[in-house]
Amino acid sequence: MPIRVLFGAGTVSQLAAEVERLGAKRALLISTPGRADMVRSVAKELKVAGIFDQAVMHTPLAAVEAARTLAKSLDADCCIAVGGGSTIGFGKAIALTSSLPVLAVPTTYSGSEMTNIWGISEGGAKKTGRDVKVLPKTVIYDPQLTLDLPERTSAASGMNAIAHCAEALYAHDGNPIVSFMAEEGIRALASALPLIVQAPRDLEARTSALYGSWLAGMTIATTGNGLHHKLCHVLGGFGLPHAETHSVILPHALRYNSVAGEAMRRIARAMRVGDAPSGIWELEQRLGLPMRLADIGMKQADLERAARIAVQAPYPNPRPVEFAPVLELLHNAFEGNKP
Ligand code: NAD
């Protein structure tokens, strides 16, 4: 990957040197409203052109346009996105139309910083695409910045990363190197997340989870999405929260795709369990995550419409994507049945 990566506790202290390395002098900081103070303090050694602190989930077009206008009016020459997938999504959206270099400092486990995938939503639908322009030039993974990420957000975000790895293991365009990274990513995350929910400031567990999310981002960046990611994308259009949706759907999507025997064996091996879908389900229960689509805002009346949208356009998946079994999957996820 043509990305320069710094990894380890304390690496964010090198932010100013990394900005200089990019030849930038007028950086635009990007954050969510709640994290603006933290982002300012991370960048205190830098001369910045300004801050856009209105990043929100699913990168709505109106907010993206405000961010692009600000970047232009400040004559920014680089974007520094400090935060989760939502914040990094704004850096990518600016880069998509301006080619400004992005420096990402991820503080969740979304993996977005490693991908060339962008997404912008408008009127309840999210458009996504792949473009090398949005790939960050530099990524700084500093686990110290993740110590305050709340337990539940950490757990859900970690399951989002495990989902990237799991689907890479049965992707139609996968390869042995990606599978190796995917299995290692699942191992790192599945062992770190239970420690993090017990002791969120455990730096060793945080380091391991961030390493797992780096691997996860690399796997999704280089393979096509299957049923799981497509279904979560559809459910995002119904206003469901991103990471929690991945968490609820994953065990059911894996059961649907259990024909992918080698992938299931590798997921189970990485987690040290006998069966991948039920092992994932049990891990999520242990992490205290919501287990039912009903708990995260889905309406029963919308399940059929979601299943219909999910089967509209064909795409490669280990098992054919068909309406009746997809609807059954959604019912099981809605009720939180053990897969
Ligand atoms: P998020 O970025 O919305 O963050 C969740 C919440 O945690 C926010 O309120 C944020 O301010 C807060 N937060 C983040 N870091 C924190 C920290 N260290 N301490 C305390 N609070 C912190 O959630 P996410 O799951 O990381 O990202 C979801 C978004 O990312 C979605 O829009 C999704 O589509 C996108 N995404 C994109 C890709 C890609 O490859 N393009 C991959 C995964 C996710």
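What this report covers is the structure whose coordinates are included nearby. This one's a predicted model, so the numbers in the text were calculated from it and none came from an experiment.

### Some thoughts on the site of the ligand
Surveying the vicinity of the ligand reveals 23 residues, the closest of which are Thr32, Ser86, Thr107, Thr108 and Thr115. Within the backbone of His58, one N or O atom sits 3.3 Å away from an oxygen atom of the ligand. Burial of the ligand by the protein amounts to 84% of the accessible area it has alone, namely 860 Å². The set of elements that each furnish at least two residues to the shell around the ligand consists of helix H4 (85-98) and helix H9 (242-256). Looking at which element gives the most residues to the shell around the ligand, the answer is H4, with 3 residues. Its residues assigned to classes, the shell around the ligand comprises 6 nonpolar, 13 polar and 4 charged.

### Some points on the side chain of His252
The residue His252 is located in helix H9 in this model. Contact partners of His252, with chain neighbours within four places excluded, come to Trp281, Leu329, Asn332, Ala333, Asn337 and Pro339.

### Focus on empty space enclosed by the protein
The tally for this structure, following the rule as stated, stands at 1 cavity of 30 Å³ or more. Here the largest cavity is characterised by a volume of approximately 40 Å³. What lines the largest cavity is simply Glu167, Tyr170, Ala171, His172, Gly224, Asn225, Gly226, Pro316, Asn317 and Pro318. Each residue belonging to the lining of the largest cavity can be placed in one class, and the counts come to 4 nonpolar, 5 polar and 1 charged.

### Describing the nonpolar core
Met159, Ile162 and Ile267 are the most contacted members of the largest nonpolar core, which totals 72 residues. Here this core takes 10 residues from helix H5 (residues 151-169), the largest share from any one element. Contacts of Met159, omitting those with residues within four sequence positions, involve Leu193, Ser247, Leu250, Ile280, Leu283, Glu284, Leu287 and Leu289.

### A few points about the sheet that holds strand E1 (residues 4-7)
The 6 strands lie next to each other as E1-E8-E5-E4-E2-E3, forming an open sheet whose pairing is parallel. The open sheet has two free edges, formed respectively by E1 and strand E3 (48-52), since each of these has just one partner strand. The sheet shows a mean angle of 15° between the axes of neighbouring strands, taken without regard to direction. Of the strands in this sheet, strand E2 (27-30) and E3 are in contact with helix H3 (residues 61-73), which crosses E3 at around 170°.

### With respect to the pairing of strand E6 (residues 117-122)
Walk down a regular strand and you will see the side chains alternate between the two sheet faces. In the sheet, E6 pairs with strand E7 (residues 125-130) via 6 bridges, with the strands oriented antiparallel. Each residue of the ladder has a partner; that of Ile117, found in E7, is Arg130. Here E6 hands over to E7 after 2 residues, with Gly123 in that stretch at a positive phi of 55°.

### Looking at helix H10 (residues 261-271)
Within the span of H10, buried status applies to Ala263, Met264, Arg266, Ile267, Ala268, Ala270 and Met271. Of the surrounding elements, those touching the buried residues of H10 are H5, helix H6 (176-198), H9 and helix H11 (276-286). One or two positions beyond H10, positive phi appears at Arg272, with a value near 60°.

### Some words on the packing of H6 against H10
One way to put it is that H6 packs onto H10 with a least axis distance of 8 Å and a crossing angle of 35°. The two elements H6 and H10 cross, and the hand of that crossing is right-handed. From H6, Ser179, Phe180, Glu183, Ile186, Arg187 and Ala190 reach across to H10, where they touch Arg266, Ile267, Arg269, Ala270 and Met271. Residues of the contact of H6 with H10, tallied by class, amount to 6 nonpolar, 1 polar and 4 charged.

### Some thoughts on the packing of aromatic side chains
Per the counting criterion, the structure on display carries 4 aromatic pairs. By the ring-pair criterion, three or more aromatic residues cluster together here, those being Phe7, Tyr141 and Trp214.

### Some remarks on the side chain of Lys92
Structurally, the position occupied by Lys92 is in helix H4. Despite being buried, Lys92 has no salt bridge partner; Glu113 is the closest side chain of opposite charge, sitting 7.3 Å away. For Lys92, the contacting residues outside a window of four places in its chain are Val102, Ser112, Thr115, Ile117, Trp118 and Val134.

### Considering the pattern of salt bridges
A side chain of one charge can pair with a side chain of the opposite charge if their charged atoms are brought near each other. One pass over the full model with this rule turns up 13 salt bridges. Glu183 is the partner of Arg269 in a salt bridge, and the nearest nitrogen-oxygen pair spans 2.7 Å. One end of the pair, Arg269, is in helix H10; the other, Glu183, is in helix H6, and 86 residues separate them in sequence. You can call Glu183 buried: its relative accessible area is 11%. A salt bridge links Arg255 to Asp275, with the nearest nitrogen and oxygen atoms 2.8 Å apart. Here the residue Arg255 occupies a position in helix H9, and Asp275 occupies one in the loop between H10 and H11, the gap between them amounting to 20 residues.

Parameters at a glance
Residues numbered from 1 in each chain as written. Predicted model: local features only at pLDDT ≥ 70, side-chain atom pairs only at ≥ 80, totals over all residues. Heavy atoms only, no water. Near = heavy atom within 4 Å. Polar contact = N/O pair within 3.5 Å; in protein donor to acceptor, adjacent residues only side chain to side chain. Areas by Shrake-Rupley, 256 points an atom, 1.4 Å probe, with all protein chains shown as cover. Helix = DSSP H or I, 4+ residues; strand = E, 2+ residues; numbered from the N terminus. Nonpolar A, V, L, I, M, F, W, Y, C, P; charged D, E, K, R; others polar. Contact = heavy atoms within 4.5 Å. 1 Å grid on protein atoms, 1.4 Å probe; cavity = no way out; pocket = protein on both sides within 12 Å on 5 of 7 lines; lining within 4 Å. Points joined across faces, edges and corners; volume = space filled by probe spheres on them. Core = buried A, V, L, I, M, F, W, Y, C linked by side-chain atoms within 4.5 Å. Buried < 20%, exposed > 50% of the residue type's maximum accessible area, 1.4 Å probe, protein only. Pairing = 2+ DSSP bridges. Axes fitted to C-alpha atoms, helices over the stretch in contact; angles between N-to-C directions. Left-handed = near helix turned anticlockwise from the far one by under 90°. Phe/Tyr/Trp six-rings, centres within 6.5 Å; stacked < 30°, edge-to-face > 60°. Lys, Arg positive; Asp, Glu negative; His and termini not counted. Salt bridge = Lys/Arg side-chain N within 4 Å of Asp/Glu carboxyl O.

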